[in-house]
Structure formats: C-alpha cells, structure tokens
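What the coordinates show
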Amino acid sequence: RLLHTPGKDEPSGMLYLTTALLGALTADGLVRMPLRKMDRTPRQELRANPELATLASDWADYSKPQHNELLGAHPVVVHNFMDAQYFIEISIGSNGQKFKVVPDTGSSNLWVPSKHCPVTQLPCDLHSKYDSSASTTYVKNGTKFSIQYGSGACAGFISEESVTVGDVTVEHQLFAEVTKEPGIAFIAAHFDGIMGLAFDTISVTGAPPVFYGMVEQKKLDKAQFAFYLNRQAGGDGELVFGGTDPAHYTGDFTYVNLTSKTYWQFDMDSLAIGDTSFCSGGCHAIADSGTSLLAGPKDIVKEINKKIGAVGVFEGECDQAIDQVGDKIIDQILSKVNASTICNVVGMCKTTLKCLACEAAVNSAKHKIASNASREHIKDEMKSVCKLLPSPEGEATVDCNKLDSMPNVDIVLAGKTFTLTPKQYVLEVSSGGEAECISGFIGFGVPPPPRPPWV
C-alpha cells in the first residue's frame, strides 16, 4: 500500500495504491527509513500482560485529573494509537538523540517526551526523553502545546531543533517536548512519540510537519512519500521519502482524489462481502498509518465481523476457557463448591468482568445439572452466557483454523476493486504462547463531522 503527494512545491495531491507488494531493493534519490513492526500493538500488549494492564489502569485513574484538564485540547479524532504497530527511528539535536516514532498520516505534529517531564509522569519514565541542554542546535520557543487522543492526551511546549530522518536533516523544525502523558495508550507503547504526516491545517500551534520542512528546504528530489508494510513481526518494511520504489510493487497505480487537505481523506466507492454492501452510496475514508486496523461505524463493523465469523474478544476467550476447564467446573459444581470459589480456582477471576461472567456461567450450569443434562449440553449453556459479554473497543477474534474458509472482502476505490483475503484482513498474534487471530475490523462510535466514518 503506497501513498504519496505529487508536485514540486508543496505536499498536496493524491493517494496512490498498488495491487501487490514485493521485497526491498535500493533506488537512487530516495530517503529510505526502516519501518519496524512491533510484536504487539499497545492494545494487544495490555491484554497479554495483566500486570501491565493493572499498571496502566492505575495510571489512568491517577492521571485522570490531568486528562480532564486537557479535554479542551486540540482533538485528533482519527485514532488513539492503541492499534499502532509500525515505527521508525529518528534523531533530534546536534548530538543525535534517538527516538522511536510512529509515522502517522492521521496527525501533523512531531512530539517526543521531554527531560523536563516530572518523575510522576510514568509514561515519560518508560521512554526516551529529549534533553535540550545536550544540543547546540536547540532554540527555545516555549509555546504551549496540548493534544487529545481517544485513549489519552499529552501536553508540553514547542521547541525548535534540527531533526534527522534517515540521511536528511530538517533545520529549524518546530516540535513538541511533552511533559504530561495521561491515559493508558503510552504506558503500553513500544514507541516514544509521534511524527505526523498529515496536512499543516490540523497541526497544533501551526507547527509545520517534518515532511513540509523536507520539501521547503529542498531535501528531496520529489515531494512524495510512500509506505511499504512488512507484516512479519521483527521484519523491516520501509518508509520512503522523495519518490516511490518500483521494487515494492507490481502493476499500475490507482489514483484517488483527495477530498480534504486535513487528513489523507478520499471517497470509498464500496466495501462488500459477497453481495452484501456495507458502504451504500459510497463513504468518506482516510488512509491512516497510525493504526493497523480498519475502523468503521461500530454497528456496521459488528455486522461485518458477524459475516466473517468473528466473535467479541471476551466471548472468544470465554468459549476457549470453557473448552479447557468446563469439565473441572462441572466437577466442582457436583462437589457443591460455590460459584465464586470455582471461578477463582479455575483462574477466571483475573478481571472483575471475567469473574462476573464466570459466576454467571457457573450458575447457568447449575440449572442444567439439576435437569440431568449431558456435559456437552451444560458446556453449551455456559457458552451461551459468553455471548452476552461486551467486546472491549469493538475488538473481535476469529478461529485461526478457519481462515481458508472465510470470505474475501472487496473494497472499491476509484472504480477499481481491491480484494482482501482472510489472511490479509486478519492479524495473527502470539498470546500466552499460543496463536490468536484478531479481526482487522474494529468499530468506533462516529462523532459529528468532520470525522470520516472509515479509517
């Protein structure tokens, strides 16, 4: 998937998409940045690591007053970085202070944690921090900066520095030194900050995006950038500035007109599974490199996940747990052990919601046992309780063994159909030493315009 901006004088233009991607080769005149893929997104990290999830929850509670203070901050409504999975490494200052940043087409500012972060700011403590006193190219600015995301917010102040991306150094770049990071997203994040690649029209304080500096200071042969995404964890993709690399694609470009110079927003003609369309009459969408999922209106995404055979994350975990410990639960019930004790014994009380669900399943099983139902019918009754569990953030899972039988998803852009196979729209991650397959479709409640309904 490639997107770039044609033209010589300013970063504006069109979205480009290719039908296939290949391996990496060198290309003259291109600034090439290794695009690293994290093993897990912040959301997946919190689910896989209960201790980290508890720490993040405690931090969210502790930092809630700070978060409330920032509710009026400049909103970035596209995403919350809970599903960010790719980052690049940049350096700031004359001494080359290194930072892992998400190259994000859904926002426009560059920010990293500051050495001026108070020790009480846990996310700062967990990441690299910029030290202005160690750089001879630092210029004080001091303009207040604050930005709000779906799962958190951050605030600090603007500074001016040299920023190096690959072998290109942008001079006098305005960026934010962040001193407050309330919320949970940046606790679990494997990246330090964000490098926005959207338009300056949505930049907080009007600070020009780094890409603008590359173009205006004539650091690039062409005012273009392109992404090559490698889906293998630990494998490098590439973010290319200054053009596109034919080694990363086959076929012809499909040109899609942008509909707004804010995000990289365009019209999507259709999104369908078989004869069922989920984008009747066309939809607005944006290309957002800051997330690894396809996000849409939660009610529609719920229907899509149902169509592909996905179930809510908690429902899937609940079903799996009953398969593993269902017989043990039944034995405990027959031994007259109460529901609370049973759920603690089988390890299903790691969270309040899961504990309550387990107790409800146990009580439901008791009624079936009283009616002399078979063990399989009792387990089925317990699983019926699983279906009642809410799915956090609309996240859903699929059976990894059924990928070959799942349907394709067709997305039509500029009249051309791009077909996603199950292996392309399902994320396979490692959880507790086992493979887990996450649906690539996630729902969000759509706020009033100008937020586009698909990401």
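Nothing here was measured: the structure is a model prediction, and the numbers come from that model.

What counts and how
- Residues numbered from 1 in each chain as written.
- Predicted model: local features only at pLDDT ≥ 70, side-chain atom pairs only at ≥ 80, totals over all residues.
- Heavy atoms only, no water.
- Helix = DSSP H or I, 4+ residues; strand = E, 2+ residues; numbered from the N terminus.
- Buried < 20%, exposed > 50% of the residue type's maximum accessible area, 1.4 Å probe, protein only.
- Contact = heavy atoms within 4.5 Å.
- Areas by Shrake-Rupley, 256 points an atom, 1.4 Å probe, with all protein chains shown as cover.
- Core = buried A, V, L, I, M, F, W, Y, C linked by side-chain atoms within 4.5 Å.
- Phe/Tyr/Trp six-rings, centres within 6.5 Å; stacked < 30°, edge-to-face > 60°.
- Salt bridge = Lys/Arg side-chain N within 4 Å of Asp/Glu carboxyl O.
- Pairing = 2+ DSSP bridges.
- Disulfide = S-S within 2.5 Å.
- Arc of directions from axis to C-beta.
- pLDDT = per-residue confidence, 0-100.

Bringing the overall build of the protein into the picture now. When its secondary structure is counted, the protein shows twelve helices and 25 strands. Counting only residues that meet the buried cut, the protein has 53% of its 455 residues in that class. For the protein, contacts bridging at least 24 residues in sequence account for 71% of all contacts bridging at least 6. About 20200 Å² of surface is accessible on the protein, with carbon and sulfur atoms providing 50% of the total.

This paragraph deals with the nonpolar core. Among the nonpolar cores identified, the biggest contains 33 residues, and I88, I90, V165, M195, M214, L239 and F241 are the most heavily contacted of them. A per-element tally of this core places helix α6 (residues 210-216) first, with five residues. Those residues in contact with M214 that sit more than four places away from it in its chain are V165, V168, V170, K219, L220 and F241. Within the second largest apolar cluster, 28 residues are counted, among which are V256, V301, I308 and L403.

This part takes up the packing of aromatic side chains. What describes a pair of aromatic rings is the distance from one ring centre to the other and the angle between the planes of the rings. By the definition in use, this model includes nine aromatic pairs. Measuring from ring centre to ring centre gives 5.2 Å for Y130 and F175, while their planes differ by 90 degrees; the resulting arrangement is edge-to-face. Of the two residues, Y130 sits in the loop between α4 (122-125) and β7 (139-149) while F175 sits in strand β9 (residues 168-180), which places them 45 residues apart along the sequence. The two residues Y130 and F175 agree in class, both being buried. With a centroid separation of 5.0 Å and an interplanar angle of 85 degrees, the aromatic rings of F211 and F225 are classed as edge-to-face. Of this pair, F211 sits in helix α6 while F225 is found in strand β11 (residues 225-228), placing the two residues 14 residues apart along the sequence. In this pair, the class of F211 matches that of F225, namely buried. What links up through ring pairs into an aromatic cluster is the set F199, F211, F225, F227, F241 and W264.

Summed over the entire model, instances satisfying the criterion amount to seven salt bridges. Among the salt bridges present, the one from R375 reaches D327, with a minimum N-O distance of 3.2 Å. On the criterion of sequence distance, the pair formed by R375 in helix α11 (residues 375-386) and D327 in helix α8 (residues 313-334) is long-range, its members being 48 residues apart. In this structure, D327 engages K379 in a salt bridge whose closest nitrogen and oxygen atoms are separated by 3.2 Å. A residue pair is termed long-range when its members are at least 10 positions apart, and D327 in helix α8 and K379 in helix α11 qualify at 52 residues. Residue classification places K379 among the buried positions, given a relative accessible area of 11%. Each of D327, D331, R375, E376 and K379 takes part in salt bridges that share partners, so that together they form one network.

Our focus in this paragraph is the pairing of strand β10 (residues 193-196). Neither face of β10 is open: one carries G193 and M195, the other I194 and G196, and all of them are buried. In this structure, strand β5 (residues 97-104) lies alongside β10, joined through four bridges in parallel fashion. What sits directly across from D104, in β10, is G196. Bridge analysis of strand β6 (residues 110-113) against β10 gives two bridges, and the strand direction is antiparallel. Looking across to β10, one finds that L110 is bridged to M195.

Turning next to the state of the cysteines. Applying the stated criterion across every chain yields a total of three disulfides. Disulfide pairing places C279 opposite C283 at an S-S distance of 2.1 Å. Judged on exposure class, the residue C279 and its partner C283 are both buried. Here C154 stays unpaired: no disulfide links it, and the sulfur of C124, its closest cysteine neighbor, is 9.4 Å away. For C154, a relative accessible area of 0% gives the class buried.

Here we take up the sheet that holds strand β21 (residues 409-413). One open sheet holds the four strands; their spatial order is β16-β15-β21-β22, and the pairing between them is antiparallel. Two strands close off the open sheet at either side, each with one partner strand: β16 (276-277) and β22 (416-420).

Moving on: helix α7 (residues 298-308). Those residues of α7 that sit buried are V301, I304, N305 and I308. Looking straight down α7, one finds its buried side chains confined to an arc of 95 degrees; they lie on one side. Facing away from the buried side of α7 by more than 90 degrees, the exposed set consists of D299, K302 and K306. A positive backbone phi angle near 90 degrees is found at G309, which sits one or two residues after α7.

Looking now at the confidence of the model for the protein. Residue-level pLDDT values for the protein average 79, and 74% of them are 70 or greater. The spread of mean pLDDT over the elements of the protein runs between strand β3 (residues 74-75), the lowest at 38, and α6, the highest at 96. Taken together, the stretch residues 1-27 has pLDDT below 50 and engages in 104 contacts with residues farther than four places along the chain or on a different chain.

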